[in-house]
Amino acid sequence: MRGVLKGIEYVQKTIVYLLAILIALLAIIVFYEVVSRYGFRSPTIWTNEISSYILQFIVFFSMGYLLIEDEHLKVTFFLDKLKGKANKVLRIINVLLVIPYAAILLIYGWNITASSFERGSVSPTLLSVPLWIPYSFICIGGGLLILAGIGNVLKIVTEPNDATVKEAKLID
């Protein structure tokens, strides 16, 4: 079970490195557009569209990493009051509630991607980007979120109980 968890974490962390590169690229593209538009009065035709696609990629591909690292936005006032098995069970339920949402992203993302691919839809700009590419981010992001949900459940199940952690700290 640890091997599966390590594999899921490896995939998610590899994607995070790619996202870091894309965030830097996004900053460069936006900076370039600002300089060209306001400095040289010569706006580009591609930066708005490309930066939107990069931002979509960042949003949909980061969801899984945020879940597996337990960094999603959450309200924990009730969870913080529970200890031991009750805390674990509630955390597992919380993660399991994310999986149906992720499955909807995966299924409907796949449907819109396949439909766009079959119709040959392209963006209504001069770039004419095939729309199945940005639509696929929804589908892939949903799959990564499901994968992260499974990984997070495995992580919660395999973590030591509070009593075990307290005993280990007393021994040290």
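Overview of the structure. (Residues numbered from 1 in each chain as written. Predicted model: local features only at pLDDT ≥ 70, side-chain atom pairs only at ≥ 80, totals over all residues. Heavy atoms only, no water.)

## Let's talk about the overall build of the protein chain
For clarity, the cut-off: Numbering of helices and strands runs from the N terminus, with a helix taken as a DSSP run of H or I at least four residues long and a strand as a DSSP run of E at least two residues long. Radius of gyration means the value over C-alpha atoms here, while the globule rule gives 2.2 Å times the residue count to the 0.38 power. Burial here depends on accessible area, computed with a 1.4 Å probe over protein chains only, as a share of the maximum for the residue type. Under 20% is buried, over 50% is exposed, and the range in between is partly exposed. Only heavy atoms matter for contacts: two residues are in contact if any of them lie within 4.5 Å across the pair. We get accessible surface area from the Shrake-Rupley algorithm with a probe of 1.4 Å; when it comes to residues, only the shown protein chains can shield them.
Within the protein chain one finds 5 helices and 0 strands. For the protein chain, the N- to C-terminal ordering of α and β elements is α-α-α-α-α. Whereas a compact globule of 172 residues would reach a radius of gyration of roughly 16 Å, the protein chain reaches 21 Å, over 25% beyond that. Dimensions of the protein chain, computed from the C-alpha atoms along their principal axes, are close to 65 × 40 × 30 Å. Sorting the 172 residues of the protein chain into buried and exposed places 33% on the buried side. Here the contacts in the protein chain between residues at least 6 apart in sequence split such that 75% fall between residues at least 24 apart. In the form shown here, the protein chain has an accessible surface area of approximately 11200 Å², with 71% of it arising from carbon and sulfur atoms.

## Overview of the pattern of salt bridges
Rule in force here: A carboxyl oxygen of Asp or Glu within 4 Å of a side-chain nitrogen of Lys or Arg is what we treat as a salt bridge.
Under the defined criterion, the tally for this structure stands at 3 salt bridges. Across the pair E9 and K155 runs a salt bridge, and its minimum N-O distance is 3.6 Å. Separated by 146 residues along the polypeptide, E9 in helix α1 (residues 2-39) and K155 in helix α4 (residues 132-158) bring together distant segments of the chain. Residues E159 and R91 are paired through a salt bridge, measuring 2.6 Å at the closest nitrogen-oxygen approach. On the criterion of sequence distance, the pair formed by E159 in the loop between α4 and α5 (162-171) and R91 in helix α3 (residues 84-119) is long-range, its members being 68 residues apart. By relative accessible area, which is 21% here, R91 ends up partly exposed.

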